[in-house]
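# Fold and geometry: a report
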2 protein chains.
Amino acid sequence: MPLFFLHPHVVPSLSLSLPPPSLYIYISVCIAEYISSRAEGKKEKMVEKVIAKWNCSGRVVEGPTNPMVTPLLTDLYQFTMAYAYWKANKHQERAVFDLYFRKNPFGGEYTVFAGLEECIRLIANFKFTEDEISFIREILPGSCEDGFFDYLRGLDCSEVQVYAIAEGSVVFPKVPLLRIEGPIAVAQLLETPLVNLVNFASLVATNAARHRFVAGKSKQLLEFGLRRAQGPDGGISASKYCYLGGFDATSNVAAGKLFGIPLRGTHSHAFVSSYMSPDEIIDKSLQSADGSSSCEDFVSLVQTWINKFQLSNSLRGIFGETNQSELAAFTSYALAFPRSFLALVDTYDVMRSGIPNFCAVALALNDLGYKAVGIRLDSGDLAYLSCEARKFFSAVEKEFGVPGFGKTGITASNDLNEETLDALNKQGHEVDSYGIGTYLVTCYAQAALGCVFKLVEINNQPRIKLSEDVSKVSIPCKKRSYRLYGREGYPLVDIMTGGNEPSPKVGERILCRHPFNESKRAYVVPQKVEELLKCYWPGSSDEPREDLPPLKDIRDRCIKQLERMRPDHMRRLNPTPYKVSVSAKLYDFIHFLWLNEAPVGELQ
Amino acid sequence: MPLFFLHPHVVPSLSLSLPPPSLYIYISVCIAEYISSRAEGKKEKMVEKVIAKWNCSGRVVEGPTNPMVTPLLTDLYQFTMAYAYWKANKHQERAVFDLYFRKNPFGGEYTVFAGLEECIRLIANFKFTEDEISFIREILPGSCEDGFFDYLRGLDCSEVQVYAIAEGSVVFPKVPLLRIEGPIAVAQLLETPLVNLVNFASLVATNAARHRFVAGKSKQLLEFGLRRAQGPDGGISASKYCYLGGFDATSNVAAGKLFGIPLRGTHSHAFVSSYMSPDEIIDKSLQSADGSSSCEDFVSLVQTWINKFQLSNSLRGIFGETNQSELAAFTSYALAFPRSFLALVDTYDVMRSGIPNFCAVALALNDLGYKAVGIRLDSGDLAYLSCEARKFFSAVEKEFGVPGFGKTGITASNDLNEETLDALNKQGHEVDSYGIGTYLVTCYAQAALGCVFKLVEINNQPRIKLSEDVSKVSIPCKKRSYRLYGREGYPLVDIMTGGNEPSPKVGERILCRHPFNESKRAYVVPQKVEELLKCYWPGSSDEPREDLPPLKDIRDRCIKQLERMRPDHMRRLNPTPYKVSVSAKLYDFIHFLWLNEAPVGELQ
């Protein structure tokens with residue numbers, strides 16, 4: 001009996017990797033649902049659904065990370081259209097939609113595809129609750145027939161198939177990221193949430209990749225954007241997809257827990273100004289790093305270092321007296337975290353107070369066998385201050401014979417973006433890590449990616465969406481897409497073909513045509529051919545399903561793919577566009593259909 | 001016994017307005033928890049907590065709308081600081097933080113404050129789960145002491161007080177939107193989520209208000225941004241706060257359900273291109289509006305209208321033949337929604353196909369006593385096309401004697417923003433409603449508002465945060481703020497005073513000083529004095545708590561406040577800055593503290 005309380009759509013959300021007991025529970029629930037479904041004579045359907053969910057890979061697809069991602073997270077017109085389709089008995093007609101974008105963001109020539117896993121999670125668990133159905137009934141006109149709501153009640157994605165490019169891939173305009181095949185009414189309901197889930201994910205992952213490109217491989221990149229992000233899961237999504245795009249860590253604890261992203265953070269300005277003077281510190285004792293001895297008065301030990309600095313010929317004169325509130329805060333923080341002491345040094349004055357105070361505490365820690373991690377600069381001229389800090393650290397290393405102290409870490413974090421990173425590189429700096437927030441997570445330079453979802457075929461009839469703006473004309477047909485690689489190992493061109501055309505072959509010359517510009521075409525002899533769209537959701541069909549890899553693997557894929565691109569596509573200034581093409585046959589067909597659909601004007 | 005399964009933190013999320021039975025359950029749970037707490041000897045504490053939650057207003061504060069808003073939705077450094085405070089036995093020290101922004105967004109001189117309710121929902125339900133505590137233990141160094149985690153286990157916001165400006169108010173830089181008072185460790189943990197919840201909410205509400213300002217009061221404003229928003233609740237938050245800022249409706253069904261926002265939407269281009277020809281339509285019958293008769297072949301009725309257009313002298317020549325796929329789609333949609341027929345007319349060609357097809361269907365509906373709602377334009381020159389469409393509608397009204405047809409609604413929706421609305425106004429247009437998406441919901445013109453959270457007092461000691469950039473210097477002290485109104489009823493100036501200063505009085509002259517610019521000051525004789533900060537969360541204190549009004553009321557407040565502003569603060573081009581000031585006493589104190597904290601330089 002209690003089994004019936006565990007609805008199968010609840011079970012998958014119980015844990016990320018189901019341990020064996022959950023598997024048993026899940027199967028029990030399936031059996032329970034199977035028994036109840038048999039009573040309703042829906043046996044076959046039920047078995048299909050169970051197979052679809054507990055798929056070939058033997059893994060259940062969890063629900064969306066954000067519980068607010070439900071089948072209601074869509075535009076009203078998807079429901080009005082669904083009703084109109086249902087009313088015309090057209091809702092089961094098989095449609096093919098392409099999800100793609102038209103232009104790379106940030107003035108660049110590449111995009112990182114992200115958001116696929118969340119799309120599949122939604123699709124795999126797509127089911128209306130009674131409460132949701134009541135609400136839809138409430139918002140549609142009273143004249144809508146009951147049968148439609150029964151239809152919604154039975155709706156899921158078992159008749160839908162989703163083909164997609166692997167998440168974390170480098171992708172280009174016009175090439176479908178996802179191809180959704182299924183009954184037109186369901187496919188349309190999916191439009192808004194899928195576009196939503198891909199748009200920002202891909203945008204912010206691309207932004208992260210671009211920041212990594214400018215910062216260089218050797219720097220640590222930390223995402224610090226939660227407070228400035230567009231809403232709570234604007235923040236959570238940003239943390240996830242910035243990691244995917246090549247960042248090393250986040251400050252966002254919830255994202256760390258949800259996705260296993262490394263976490264970073266130490267203290268703020270408020271922490272510094274919450275202290276008045278070192279006299280406040282009551283428990284002043286600190287054990288040495290190896291536990292062999294104990295310093296009874298760490299506060300005094302720090303003070304002796306301040307005094308030594310003031311007596312030192314090479315350091316004196318940089319500061320008169322350091323801020324005592326700051327010194328107290330640093331000392332207190334070191335007492336709490338002697339092994340990971342990193343201090344924010346710009347609350348009062350970086351060179352006159354923050355740096356000497358940090359060094360005094362760091363050297364006191366050093367006396368006890370601990371190694372300070374470093375400083376964070378959050379204002380001012382970061383290039384200049386990082387160089388000055390480095391000089392001070394080196395001077396301390398030399399003056400007091402502390403090996404390695406010159407290499408103490410320097411993190412910078414004030415309103416950084418691609419441009420400021422580039423400017424820092426040009427000026428010369430000594431920063432080891434960047435904490436990047438606002439500009440990264442809100443994609444300030446371009447706050448939206450224009451993904452679209454276009455009908456390309458219905459009942460095996462290709463469809464085209466025309467527009468006076470050629471870049472907005474859709475490429476019709478259920479297509480296949482390939483990435484062709486050249487002799488040097490770089491991807492040369494993406495090509496789309498009709499679904500039934502033979503695939504391009506290694507070593508065989510193929511004509512690649514610009515989809516809309518007659519004169520732009522090139523022969524390519526690929527050295528490697530990669531089919532881009534794989535099946536990520538087979539519905540109840542028996543097509544094998546691609547696994548949804550862990551975030552870490554998606555990140556690795558992204559980093560590898562970015563490294564494999566020809567450098568001129570990647571540069572910040574005037575990058576070379578990567579070529580996206582169609583086969584000769586598809587080209588002819590597009591233009592045949594175009595002329596067929598466009599009305600002929602009449603000049604008067 | 002079953003009562004124990006209903007944890008009180010679960011109960012509040014059961015429904016938005018608790019019906020009486022839930023109240024009984026809630027009280028039972030409180031009693032149950034009270035009994036169990038008595039066993040642990042925490043009686044007084046428990047009673048306090050129950051009072052704090054089931055507050056003077058007699059209403060429980062629900063949990064955050066987005067279940068992902070938990071105490072973990074914060075930066076790691078809030079936890080490392082909390083540990084350092086705890087370790088130094090400083091965590092219970094009473095701190096005062098101000099949450100404010102430094103600069104109005106979008107080049108304007110005003111901001112709409114939003115996000116308060118979600119902040120209070122978080123605060124009222126702030127409690128770590130065991131799972132969350134385990135995770136925090138995992139990410140902090142192993143050396144952190146157990147006592148800290150026990151402390152976290154007992155943590156809630158019963159010792160916190162929150163004062164805030166009413167949500168939906170027009171607000172200005174530097175004036176605290178929220179003042180958080182409480183133990184420093186808890187207040188710091190709240191920093192990131194509160195800033196997150198206020199930042200985007202206020203930004204997008206302000207953006208909506210600005211769009212409304214340009215569009216004018218008489219236009220319908222529809223938010224259509226879900227698919228382009230920054231993540232799922234980027235979309236949901238945008239829908240909520242655009243409504244707050246003066247929009248009329250959203251396309252986002254989930255937001256409609258969550259917040260009771262009116263919903264709008266009809267069909268997409270894909271719906272149009274999913275049809276091939278009117279022959280597809282099988283069920284062609286349509287009852288008349290009054291139910292008195294039935295048209296057996298609505299498809300033919302539509303066709304007769306197309307024929308009439310082609311024979312008409314005043315209309316012919318505008319088009320040769322309309323697209324049959326489009327005509328089929330419109331007809332089918334009208335059969336499903338005869339009372340709310342609104343057609344997207346730009347799939348093939350607005351004037352040659354979309355408009356005549358729409359009119360044929362609309363007039364066929366008219367024959368049966370229905371009134372078509374209108375058209376939507378989603379591409380091309382919206383000013384020109386709306387005028388041409390209006391002309392066609394008027395010609396139809398005249399030619400066929402259909403009263404009111406000339407006033408058929410025109411909605412426009414392609415990549416609109418403040419600038420394009422302004423340009424449309426300048427060109428002259430016939431648009432009645434705007435559907436606005438990308439630029440509105442992502443705040444494309446400025447994707448982030450820079451709210452900050454600054455320590456202004458600890459243990460009754462005022463604190464200041466210095467910066468080389470004067471605009472970043474914080475205003476110390478636990479303050480009170482007032483809005484002073486002039487003779488014409490407009491707000492004149494906001495003034496901050498020390499907490500113990502007497503409040504400004506109506507008719508009494510008061511000196512208002514710029515906080516940092518010595519020479520900028522003015523005497524004001526207020527005609528009305530409004531205290532801005534009210535108590536929205538008293539914790540376990542017995543201070544009366546402001547109600548959290550329904551969204552509709554917040555929206556009304558916003559609209560009223562915007563209307564009450566002096567027009568020169570509101571204009572798009574070179575608006576006059578609204579004055580924000582401090583009292584003479586506070587001015588002196590700020591500068592005393594500043595000199596006290598800033599190190600004196602030494603020139604060499």
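Just so you know, these numbers come straight off a predicted model, no measurement behind them. (Residues numbered from 1 in each chain as written. Chains lettered and ligands numbered in written order. Predicted model: local features only at pLDDT ≥ 70, side-chain atom pairs only at ≥ 80, totals over all residues. Heavy atoms only, no water.)

## Describing the UniProt feature "domain: Nicotinate phosphoribosyltransferase C-terminal" (unreviewed entry) in chain A
We apply this condition: UniProt positions are given in the numbering used here, feature names are shortened, and annotations may be inferred rather than shown by experiment. Each helix is a run of DSSP H or I of at least 4 residues and each strand a run of E of at least 2, with the numbering of both proceeding from the N terminus.
The sites that carry the UniProt feature "domain: Nicotinate phosphoribosyltransferase C-terminal" (unreviewed entry) are, in the present numbering, residues 478-589 of chain A. In residues 478-589 of chain A, the share of helix is 21% and the share of strand is 32%. The end C-alpha atoms are 12 Å apart.

## A word on the relation of the copies chain A and chain B
Spelled out, the test is: Least-squares superposition aligns the copies on the C-alpha atoms of those residues with pLDDT at or above 70 in both.
With an RMSD of 0.0 Å, the fit of chain A onto chain B corresponds to turning through 180° and sliding 0.0 Å along the axis. Both chain copies can therefore be described as sitting about a two-fold axis.

## Some thoughts on the UniProt feature "domain: Nicotinate phosphoribosyltransferase N-terminal" (unreviewed entry) in chain A
With numbering matched to this structure, UniProt assigns "domain: Nicotinate phosphoribosyltransferase N-terminal" (unreviewed entry) to residues 72-199 of chain A. In residues 72-199 of chain A, helix accounts for 44% and strand for 16%; the two terminal C-alpha atoms are 18 Å from one another.

## Comments concerning the sheet that holds strand β14 (residues 452-458) of chain A
All names here are of chain A. Applicable threshold: Here, strands pair whenever DSSP counts at least two bridges between them. Note on definitions: a residue-residue contact is assigned when non-hydrogen atoms from the two residues lie within 4.5 Å. Fitted lines through C-alpha atoms serve as axes, helices being fitted only where they are in contact, and the angles separating the N-to-C directions of these axes extend from 0 to 180 degrees.
Judged by pairing direction, the sheet is antiparallel, and its six strands sit side by side in the order β15-β14-β1-β5-β3-β21 without closing on themselves. At either end of the open sheet lies a strand with only one pairing partner, and these are β15 (461-462) and β21 (534-537). Helix α4 (residues 116-124) contacts β3 (161-164), β5 (178-183) and β21 of the sheet and is inclined by roughly 50° relative to β21.

## Things to note about the interface of chain A and chain B
Put simply, the rule reads: Summed over both partners, the accessible surface that disappears when two parts come together, traced with a 1.4 Å probe, is what is meant by buried area. A pair is scored as a salt bridge if a Lys or Arg side-chain nitrogen falls within 4 Å of a carboxyl oxygen belonging to Asp or Glu.
Chain A puts 114 residues into the contact, and the matching count from chain B is 114 residues. Buried surface at the junction of chain A and chain B, both sides included, amounts to about 9,400 Å², of which 60% is carbon and sulfur. The largest share of the area that chain A buries against chain B comes from M68, R227 and Q230 of chain A, three residues that together contribute 9% of it. Where chain A meets chain B, there are eight salt bridges.

## Quick word on the sheet that holds strand β10 (residues 342-344) of chain A
Strand order in the open sheet made by the six strands is β7-β6-β13-β12-β11-β10 (chain A), with parallel pairing throughout. Of all strands in the sheet, those bounded by a partner on one side alone are β7 (249-250) and β10 of chain A.

## Here we look at the side chain of E93 of chain B
Which entries qualify depends on this criterion: Throughout this description, a polar contact denotes any pair of N or O atoms lying within 3.5 Å of each other; where both atoms belong to protein, one of them has to be capable of donating a hydrogen while the other can accept it, and for residues adjacent in sequence the pair is counted only when both atoms sit in side chains.
Relative to the helices and strands, E93 of chain B is located in the loop between α3 (76-87) and β1 (94-101). A polar side-chain atom of E93 of chain B sits 3.0 Å from a polar atom in the side chain of N459 of chain B. Leaving out residues up to four positions away in the same chain, E93 of chain B has contacts with E280 of chain A together with G182, P183, I184, I458 and N459 of chain B.

## Focus: the packing of aromatic side chains
What counts is decided by this rule: Each aromatic pair joins two rings of Phe, Tyr and Trp (for Trp, the six-membered one) with centres within 6.5 Å, and gets the label stacked for planes under 30 degrees apart, edge-to-face for over 60, and tilted for any other angle. Classification of residues uses two cut-offs on accessible area relative to the type maximum, computed with a 1.4 Å probe and protein chains only: under 20% is buried, over 50% is exposed, and between them is partly exposed. Only lysine NZ and arginine CZ atoms are considered, and such an atom sits over a ring when it is within 6 Å of the ring centre and within 35 degrees of the ring normal.
With the rule as written, the count across this model stands at 50 aromatic pairs over all chains. Between F309 of chain A and F400 of chain A, the ring centres sit 5.8 Å apart and the planes meet at 45°, which makes this aromatic pair tilted. Of this pair, F309 of chain A sits in helix α11 (residues 298-311) while F400 of chain A sits in helix α14 (residues 382-400), placing them 91 residues apart in sequence. A relative accessible area of 0% places F309 of chain A in the buried class. Judged by relative accessible area, which is 22%, F400 of chain A ranks as partly exposed. Measuring from centroid to centroid gives 5.3 Å for F337 of chain A and Y83 of chain B, while their planes differ by 55°, and the two rings are tilted. Of this pair, F337 of chain A sits in the loop between α12 (324-336) and β10 while Y83 of chain B sits in helix α3, on two different chains. What links up through ring pairs into an aromatic cluster is the set Y83, Y85, W86, F148, F149 and Y151 of chain A together with F271, Y275, Y333 and F337 of chain B. Geometry around Y587 of chain A places R513 of chain A over its ring, the cationic atom sitting 3.7 Å from the centre.

## A few points about the pairing of strand β11 (residues 374-377) of chain A
Residues and elements named next belong to chain A. We count it as follows: Handedness rule for crossovers: strands pointing away from the viewer, path from the first strand over the helix to the second running clockwise, crossover right-handed.
Across three bridges, the pairing between β10 and β11 is parallel. Of the residues in β11, the one forming a bridge with L342 is G374. Regarding the hand of the β-α-β motif, the stretch spanning β10, helix α13 (residues 350-367) and β11 is right-handed. By the bridge criterion, four bridges tie β11 to strand β12 (residues 409-412) in an arrangement that is parallel. The partner of R376 across the bridge, within β12, is T411. Assessed by its sense of winding, the connection that carries the chain from β11 through α14 to β12 is right-handed.

## Considerations on unusual backbone geometry
All names here are of chain B. At K174, a position not held by glycine, the phi torsion is positive, near 75°. Along the polypeptide, K174 turns up in the loop between β4 (170-171) and β5 (178-183). The phi dihedral of N460 falls on the positive side, at around 65°, and the residue is not glycine. With respect to the element layout, N460 can be found in the loop between β14 (451-458) and β15 (461-462).

## A few points about the confidence of the model for chain A
All names here are of chain A. What counts is decided by this rule: Values of pLDDT, the confidence the predictor places in each residue, fall between 0 and 100.
Per-residue confidence for chain A gives a mean pLDDT of 90, with 89% of residues at or over 70. This stretch, residues 1-31, has a pLDDT under 50; its non-local contacts, to residues over four places away or in other chains, come to 35 contacts. Every residue in residues 34-58 is under pLDDT 50, and counting partners more than four places away or in other chains gives 38 contacts. Predicted complex metrics record ipTM = 0.89 and pTM = 0.90.

## Concerning the state of the cysteines
Here is the rule: When two cysteine sulfur atoms lie within 2.5 Å, the pair is treated as a disulfide.
For the structure shown, the criterion picks out zero disulfides over all chains. Among the cysteines around C144 of chain A, which has no disulfide bond, C295 of chain B carries the closest sulfur, lying 20 Å off. With relative accessibility at 6%, the residue C144 of chain A sits in the buried group. Distance from the sulfur of C451 of chain A, which forms no disulfide, to the nearest cysteine sulfur (C119 of chain A) is 9.4 Å.

## Side note on α13 of chain A
All names here are of chain A. Applicable threshold: The span one expects for a helix is its residue count, reduced by one, times 1.5 Å.
The terminal C-alpha atoms of α13, which comprises 18 residues, lie 24 Å apart, in line with the 26 Å expected from a rise of 1.5 Å per residue. Of all 18 residues making up α13, 15 are buried, and the element is well covered by its neighbours. Immediately beyond the C-terminal end of α13, within one or two residues, lies G369, with a positive phi of roughly 90°.

## Description of the nonpolar core
Condition: We call a set of buried Ala, Val, Leu, Ile, Met, Phe, Trp, Tyr and Cys residues a nonpolar core when their side-chain atoms join them within 4.5 Å.
By size, the foremost hydrophobic cluster in this structure holds 372 residues, and its most contacted members are L178, F298 and F358 of chain A together with L178, F298 and F358 of chain B. In contact with F298 of chain B, other than residues within four places in its own chain, are K284, L286, T331, A334, L335, V361, A364, L365 and L368 of chain B.

## Thoughts on the pairing of strand β16 (residues 479-485) of chain A
Residues and elements named next belong to chain A. Among the seven residues of β16, six are classified as buried, and the element is accordingly described as predominantly covered. Two elements, β16 and strand β17 (residues 491-498), share seven bridges in a ladder whose sense is antiparallel. Across the sheet, L484 pairs through a bridge with V493, a residue of β17. Linkage of β16 to β17, two consecutive antiparallel strands, is achieved through a turn of five residues, within which G489 is found at a positive phi near 90°. Judged from the four bridges that link them, β16 and strand β20 (residues 528-531) form a sheet pairing that is antiparallel. Across the sheet, residue Y482 finds its bridge partner in β20, namely E531.

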